[in-house]
Every structure is written in C-alpha cells, then in structure tokens.
Amino acid sequence: MHDTLIEDLIDAEVVRKDFPLLAREVHGRPIVYLDSAATSLQPRAVLAAMEQYYETTHANVHRGVYATAEEATNRYEAARVLAGRFIGAPDPAREIVFTKNTTESLNLVAHSWGRTNLRAGDAVLLTEMEHHANLVPWLQLADERGIELRYLPVDGDGRLDLSDLDRLVDGVKLVGVSAMSNVLGTINPLARISEAAHAAGAVVVADGAQSVPHLPVDVAALGVDFLAFSAHKMLGPTGIGVLWGRADLLDAMPPFLGGGGMILDVRLDRFLPADSPQRFEAGTPPIAEAIGLAAAIDYLQAVGMDRIRAHEQRLTRYALDALADRLGPDCRVFGPPAGDDRGGVLSLAFRDVHAHDLAQVLDHLTENAIRHTAAGGTVTLSATRALGEARLQVADNGRGVPFHVQAHIFDRFSGEERGGPGLGLALVKALVELHGGWVALESEPGAGAAFTCHLPEAGQTPEARPELF
Ligand code: PMP
C-alpha cells in the first residue's frame with residue numbers, strides 16, 4: 001500500500017494535509033474517512049474562499065448596483081461558467097442551473113420537462129440501479145400522469161444488462177441513468193445508451209453525483225441531454241447542486257419554482273419568465289456555496305481529474321485484491337471487478353453480520369479490513385490498516401474462561417510495537433460482534449494493550465458483574 005502511494009502520481013500524504021477534518025481523532029485515533037460517496041470533505045481552499053467571500057464581498061446577486069453587489073454577481077456568474085467548463089458544457093452561461101443538490105436538479109427535470117412533455121401512456125426508461133433521486137420523481141410522475149416506467153436490469157456483476165436495450169428504449173420519451181452507481185461503483189456506458197435513446201427519439205438525463213467528482217466528464221462525449229450533480233460530493237459545500245441542460249431544451253421548459261429573480265416582467269395578472277438559467281433560480285441563490293464550488297473545482301483541476309481517476313483505479317484494485325486476499329469468501333464485494341467501468345465506491349457484506357454492526361465495529365477499529373479466523377480453542381483476529389498491522393490473540397486457557405487477550409499494533413515500516421487499550425478494546429468489541437454474545441473485559445490503568453477477557457459463566461449476567469463492563 002505504502003509503495004503504491006509513493007509511486008502514485010498523487011502524493012496522498014500531501015493531499016491529506018489540505019483537509020482540516022482529517023487532522024482530528026475519533027475514538028482516540030486518527031480518523032479514516034471512507035464516506036465520500038455520501039459527502040466528501042472540504043480542503044482548506046474551499047473553506048477559505050467562502051470565508052473570504054463573506055468577510056469581503058457578501059451581497060445579494062442580480063439586483064444591486066453597488067460595488068459589492070456587482071462583485072458578488074460577477075463571482076457567482078464566474079462559478080457558473082467554471083462549473084460548465086468543468087463538464088464540457090458548450091454554453092455554460094446559459095446551460096448551468098444552480099440548484100440545492102442533485103436531487104433538486106433531477107426533480108427540476110421531472111417537474112418541468114416531464115410535466116410539459118409526458119402524457120398518460122408515455123414511457124420513461126430508468127435502470128434498476130438508480131439512486132432514489134432519479135427514481136422517486138419519476139414514480140411521482142407515474143402516479144400523477146399514468147406514465148409507464150421501464151427498467152434496464154442489472155446483471156450478476158453489477159453491470160447494466162443492455163442485451164434488450166433496443167426493445168426497452170423503443171417508444172420511450174426519456175431515459176434516466178446514473179453515470180456511476182452509488183452502490184455498485186459501476187460506471188455505465190452512457191455514450192452507448194444515449195445513442196440508442198436518441199435513435200428512439202428520447203432525451204437522456206444522467207445522474208452525475210458520483211461520476212463528476214471522480215473522473216473527467218464531458219457532456220458532449222457522453223451524448224446526454226441533462227446532467228445533475230452536487231457540490232458536496234466534490235469537495236465543495238452542501239447546499240448547492242448543478243443541473244446542466246442542453247440550451248434548446250432548457251429554453252422550452254417552464255419554470256420549476258416561482259418568485260424573485262426568475263421573471264423578466266410581472267403584472268398582477270401574468271408574468272413573463274426570464275431566460276435560462278435565471279428562469280430556474282427563483283429567490284436568493286446559494287451565493288457563497290457557488291464560490292465554494294468554484295474553489296472546489298479549482299482544487300480538483302489543480303490535482304487533475306485524470307490523475308484522480310488513475311489514483312482511484314489503483315486504490316480500488318488494491319482494496320478489491322486486499323479484501324479477497326484477506327477475507328476470502330467471508331467477504332462479498334458487490335459490483336464489477338476493478339477495471340475501466342468500476343469507480344471507487346465499494347459495498348460489501350461480511351458473512352451474515354448485519355451491515356449496521358459491521359459499520360460500528362469498523363468505526364471503532366478505524367481500520368479498513370478485518371480478518372477473523374477461528375480454529376479449535378484459539379481465536380485470532382487481526383486488523384490491517386494503511387500503515388500498520390494489529391494482531392489480537394485470544395488464547396484458550398483450557399477451561400474456556402477467562403481468556404487472556406493481548407493486542408499488538410506494529411508499525412509496519414519502523415517495526416516498532418505500539419499499542420493501547422483503545423485498540424485492544426476495539427478489537428475485542430469486534431470479536432464480540434463477530435461471535436455474538438458478550439465478553440467482559442478487565443484492564444488495569446496503564447496496562448497498555450493487555451486485557452483479561454471473560455466469557456460468561458453459567459448464570460453470570462452483565463448485571464451480576466457490573467464492574468466488568
Ligand atoms: N445520485 C447519486 C448517484 C448519489 O450518490 C446521490 C447521493 N448519495 C444522489 C443522487 C443524491 O445527491 P444529493 O443528496 O446531493 O441530492
């Protein structure tokens with residue numbers, strides 16, 4: 001792992017230092033953040049850009065003529081152009097709509113394009129791997145309008161099964177597809193799907209929430225008509241999302257929300273909507289968030305999207321190999337094998353352990369993987385993390401109780417032994433979780449990583465021996 005990082009184009013240790021949250025500890029150990037698919041952390045540059053904006057420039061946009069209002073407007077519009085260029089939009093100033101998040105971007109398409117263009121009996125083709133954000137708005141429309149929803153199935157490897165694409169797309173008015181699955185990590189063949197959709201006369205809305213942050217994305221190359229994504233998954237702040245749409249489609253769509261900022265003219269009995277994108281941005285938009293998004297894009301571009309993709313491909317391959325190698329058939333990883341159609345999202349199941357329990361154990365271990373073997377009276381559980389190796393041995397004393405537990409952590413590179421009650425305790429907790437039942441622990445203050453571990457004797461309950469818990 002370490003060698004891989006050193007050889008890598010991206011120096012992960014240098015990049016890590018840009019993220020203040022990574023400096024904090026959780027459960028007494030440095031945090032290992034593995035939840036970027038849900039939301040990513042922000043580098044200092046993003047936080048600084050937003051703070052600097054609030055400290056020096058904050059004003060509402062598109063209405064004031066005073067200096068800071070014009071500056072704020074210019075910076076907000078510059079963020080729009082940058083976001084558009086980032087995904088290869090031909091006309092960013094017209095085609096990039098700022099929303100609240102991916103969910104709102106997709107709802108905008110369903111609400112505005114869908115209600116204008118879909119009638120009872122029309123069909124929409126989705127995939128079985130869509131996030132709720134690209135499913136529920138269409139279900140709502142199906143309820144309201146009586147439209148037919150069709151689904152591209154997912155095969156056993158977690159890829160879309162396109163064998164029936166031509167039949168399924170026939171007669172469809174819109175195809176909604178995730179560019180990268182948030183569950184399986186599958187990178188879908190959008191260009192191929194778009195080609196089939198367009199041949200059938202359908203428009204394509206792509207959910208880019210997972211792809212835009214992690215690989216170079218070009219809407220022209222993908223051939224899609226709409227693309228939705230969120231700033232908070234690409235090192236930016238929460239509260240701002242993006243919808244890119246083809247200018248001719250956006251121009252023909254009615255506003256989604258009504259209010260200030262989206263009108264050209266308004267009377268007591270009628271209004272004339274502004275052109276896109278203002279037409280879709282009613283009310284005060286997320287100004288500071290747009291500036292944060294621009295800083296996030298600058299940061300991503302400085303690192304380089306190609307390098308980010310290459311780095312993630314290597315990490316994904318490493319993670320998949322390491323999980324297979326260390327956990328074998330105990331661990332089932334979902335989604336395609338490492339390769340060009342696999343992103344860094346990784347979902348797994350460990351034996352029959354409930355996902356919630358496993359996540360809690362991993363949270364306490366702050367480790368990437370655990371290995372657990374049971375043989376006769378000896379149980380060995382070891383945990384591996386990026387820079388160290390921890391080993392826990394539980395030796396049966398012949399009578400079954402008490403067990404003596406010794407936890408060690410070795411720094412892989414210095415060969416030094418390090419330890420601590422926190423780690424030992426976490427490992428024992430993992431053991432308990434994996435075995436079910438309960439184990440009592442005794443530890444002397446200052447005893448380092450040594451614990452005495454009791455298994456329950458007949459009739460002994462936590463209530464009977466509270467000092468052990
Ligand atoms: N689509 C995909 C593929 C996602 O991963 C997510 C977030 N998990 C969303 C849509 C929704 O994003 P948001 O919560 O920012 O609206």
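Owing to the predicted nature of the structure, the values given are computational and were not obtained by experimental measurement.

**Student:** Before we move on, could you go through the side chain of Thr-186 and cite the residues and values that matter?
**Tutor:** Along the polypeptide, Thr-186 turns up in the loop between strand 6 (172-178) and helix 9 (190-199). At 2.5 Å, the side chain of Thr-186 forms a polar contact with the backbone oxygen of Gly-158.

**Student:** I'd like a rundown of the sheet that holds strand 9 (residues 241-245), residues and numbers included.
**Tutor:** Taken together, the seven strands give an open sheet; going across it, the order is 3-9-8-7-6-4-5, and neighbouring strands pair in mixed fashion. Sheet topology places strand 3 (96-99) and strand 5 (148-152) at the edges, where each strand pairs with a single neighbour. Between one strand axis and the next, the sheet turns by 20° as a mean value, whatever way the strands run. Strand direction decides the pairing type here: strand 4 (residues 123-127) and strand 6, joined by three bridges, are parallel. Within strand 6, the residue paired with Val-124 across the bridge is Leu-174.

**Student:** Please give an account of the packing of aromatic side chains that cites residues and values.
**Tutor:** Under the defined criterion, the tally for this structure stands at three aromatic pairs. Considering the side-chain rings of Tyr-53 and Tyr-54, the 5.5 Å spacing of their centres and the 55° angle between planes classify their relative orientation as tilted. Each ring, one from Tyr-76 and one from Phe-98, has its centre 5.3 Å from the other, and the planes form 55°; the classification is tilted. Of this pair, Tyr-76 sits in helix 4 (residues 67-86) while Phe-98 sits in strand 3, placing them 22 residues apart in sequence. Taken as a pair, Tyr-76 and Phe-98 share a single burial class, namely buried.

**Student:** Can you lay out helix 12 (residues 287-303) for me, pointing to particular residues and giving the numbers?
**Tutor:** Here helix 12 contains 17 residues, and its C-alpha end-to-end distance of 25 Å stays within 8% of the 24 Å for a straight helix at 1.5 Å per residue. Where burial is concerned, most of helix 12 is hidden: 14 out of the 17 residues are buried.

**Student:** Can you explain the site of the ligand? Please cite residues and give values.
**Tutor:** Around the ligand, the structure places Asn-101, Thr-102, Thr-103, His-131, Ala-133, Asn-182, Asp-207, Ala-209, Gln-210, Ser-230, His-232 and Lys-233. The separation between an oxygen atom of the ligand and a polar side-chain atom of Thr-103 is 2.5 Å. If the ligand stood free it would expose 400 Å²; the protein chains cover 88% of that surface. For the shell around the ligand, the per-class residue count stands at two nonpolar, eight polar and two charged.

**Student:** Explain the pattern of salt bridges to me, using residue names and the numbers behind them.
**Tutor:** Taken as a whole and assessed by the stated rule, the structure comprises 16 salt bridges. As a salt-bridge pair, Arg-159 and Asp-157 come within 3.5 Å of each other at their nearest N and O atoms. Assessed through its relative accessible area of 26%, Arg-159 is described here as partly exposed. Arg-167 is the partner of Asp-164 in a salt bridge, and the nearest nitrogen-oxygen pair spans 2.7 Å.

**Student:** Go over the side chain of Lys-233, please, and point to the residues and values.
**Tutor:** Looking at where Lys-233 falls in the secondary structure, it is placed in the loop between strand 8 (226-230) and strand 9. For the buried residue Lys-233, which engages in no salt bridge, the nearest side chain bearing the opposite charge is Asp-35, 8.2 Å off. Excluding anything up to four places from it in sequence, Lys-233 contacts Ala-37, Ala-38, Thr-39, Ser-40, Ala-209, Gln-210, Pro-213 and His-214.

**Student:** So what's going on with the packing of helix 3 (residues 44-56) against helix 4? Which residues, and what values?
**Tutor:** The geometry of helix 3 relative to helix 4 is characterised by a closest axis approach of 11 Å and an angle of 160° between their N-to-C directions. Of the possible angle classes, the one that applies to helix 3 and helix 4 is roughly antiparallel. Here helix 3 and helix 4 pass one another in a crossing that is left-handed. The segment helix 3 lies against helix 4, with Ala-49, Gln-52, Tyr-53 and Thr-56 engaging Thr-68, Ala-72 and Arg-75. Its residues assigned to classes, the contact of helix 3 with helix 4 shows three nonpolar, three polar and one charged.

**Student:** Can you tell me about unusual backbone geometry, naming the residues and giving the values?
**Tutor:** Put simply, Ser-276 and Pro-277 share a cis peptide bond, and its omega is 5°. Inspection of the secondary structure puts Pro-277 in the loop between strand 11 (271-273) and helix 12. In this model, His-62 sits at a positive phi of 65°, which is unusual for a non-glycine residue. Mapping His-62 onto the fold places it in the loop between helix 3 and helix 4. With phi around 75°, Leu-235 is a residue other than glycine that occupies positive phi space.

Definitions and limits used
- Residues numbered from 1 in each chain as written.
- Predicted model: local features only at pLDDT ≥ 70, side-chain atom pairs only at ≥ 80, totals over all residues.
- Heavy atoms only, no water.
- Helix = DSSP H or I, 4+ residues; strand = E, 2+ residues; numbered from the N terminus.
- Polar contact = N/O pair within 3.5 Å; in protein donor to acceptor, adjacent residues only side chain to side chain.
- Pairing = 2+ DSSP bridges.
- Axes fitted to C-alpha atoms, helices over the stretch in contact; angles between N-to-C directions.
- Phe/Tyr/Trp six-rings, centres within 6.5 Å; stacked < 30°, edge-to-face > 60°.
- Buried < 20%, exposed > 50% of the residue type's maximum accessible area, 1.4 Å probe, protein only.
- Expected span 1.5 Å × (residues − 1).
- Near = heavy atom within 4 Å.
- Areas by Shrake-Rupley, 256 points an atom, 1.4 Å probe, with all protein chains shown as cover.
- Nonpolar A, V, L, I, M, F, W, Y, C, P; charged D, E, K, R; others polar.
- Salt bridge = Lys/Arg side-chain N within 4 Å of Asp/Glu carboxyl O.
- Lys, Arg positive; Asp, Glu negative; His and termini not counted.
- Contact = heavy atoms within 4.5 Å.
- Parallel < 35°, antiparallel > 145°, perpendicular 65-115°, else oblique.
- Left-handed = near helix turned anticlockwise from the far one by under 90°.

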